[in-house]
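Structural overview for review
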Amino acid sequence: DARVTQTPRHKVTEMGQEVTMRCQPILGHNTVFWYRQTMMQGLELLAYFRNRAPLDDSGMPKDRFSAEMPDATLATLKIQPSEPRDSAVYFCASGQYSYNEQFFGPGTRLTVL
Amino acid sequence: QKEVEQDPGPLSVPEGAIVSLNCTYSNSAFQYFMWYRQYSRKGPELLMYTYSSGNKEDGRFTAQVDKSSKYISLFIRDSQPSDSATYLCAVSGNTPLVFGKGTRLSVIA
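Here goes a summary of the coordinates provided.

Conventions and cut-offs
- Residue positions are given per chain, counting from 1 as you read along its sequence in written order.
- All chains are assigned letters beginning with A, and all ligands numbers beginning with 1, in the order in which they are written.
- Side-chain atom pairs in this predicted model are given and counted only at pLDDT of 80 or more, local residue features only at pLDDT of at least 70, and totals for whole chains, interfaces and linings cover all residues.
- Excluded from the side-chain calculations are hydrogens and water; all other atoms, namely the structure's heavy atoms, are used.
- Whether two strands pair comes down to DSSP finding at least two bridges between them.
- In this description a helix means any DSSP run of H or I spanning at least four residues, a strand means any run of E spanning at least two, and both kinds are numbered starting from the N terminus.
- Buried residues of nine kinds, namely Ala, Val, Leu, Ile, Met, Phe, Trp, Tyr and Cys, make up a nonpolar core once their side-chain atoms join them within 4.5 Å.
- Only protein chains enter the accessibility calculation, which uses a 1.4 Å probe. A residue is then buried if its area is under 20% of the maximum for its type, exposed if over 50%, and partly exposed in between.
- In this description, contact between two residues means that some pair of their heavy atoms is separated by no more than 4.5 Å.

This brings us to the pairing of strand 8 (residues 74–79) of chain A. All names here are of chain A. With 5 bridges joining them, strand 3 (residues 19–24) and strand 8 adopt antiparallel strand pairing. If you follow C23 over to strand 8, its bridge partner there is A75. The pairing of strand 7 (residues 65–71) with strand 8 spans 5 bridges and is antiparallel. If you follow S66 over to strand 8, its bridge partner there is K78. The loop that links strand 7 with its antiparallel partner strand 8 comprises 2 residues.

Among the nonpolar cores identified, the biggest contains 25 residues, and B:W35, B:I72, B:L74 and B:Y87 are the most heavily contacted of them. If you list the elements that add at least two residues to this core, you get strand 3 (19–25), strand 4 (32–38), strand 5 (45–51), strand 7 (61–66), strand 8 (71–76), strand 9 (85–92) and strand 11 (103–108) of chain B. Those residues in contact with B:L74, other than ones at most four positions away along the chain, are B:V19, B:S20, B:L21, B:W35, B:L47, B:M48, B:F61, B:T62, B:A63 and B:Y87. Counting residues in each nonpolar core, the second largest holds 22 residues, with A:I26, A:V32, A:F49 and A:M69 among its members.

Shown next as structure tokens:
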């Protein structure tokens, strides 16, 4: 059964360290989204790609976050250097053409101490 | 004003109750209205999808859109403990989804 996978599922790190999160979208889906979820802000769109090309990353702090799709089966979100305020659950989602029907992964729970 | 407003709850109801969840939005250009359900420690999953105004029913769930008042609702009939989750509304106008913050629902057996 096709699903979005994310690794790692949990990450605890020290402030200043680099964090890399990975996502494997559903095979055949051409749109990939990265979200961050916190209690205070809810689900926020960080960046998204269509056919591996970045379409919008205006939701990301540019100085420390970067998102890439090195190939159709892998999307990465990197934070360098990490800060305590980055603590959140990061979700990847994929879809086929439509923005509306998105399939979410299980998330990466990040804690920055 | 936020683009989508949703009462965070929490909302606690007895099993069998009718549940009403609501959102308001500010941009009249939104045409697509979704409800996602998120169980604890899981990713959101699409529950209902409607286009423009009107009602859509799927089993015990009914989604309602009133574009004139920019108001969307999700009704759950005969609620079950398995419906306990956070429900997020989302809106779109051929643009990436804008999500509400979610309403946490508990259905007590």
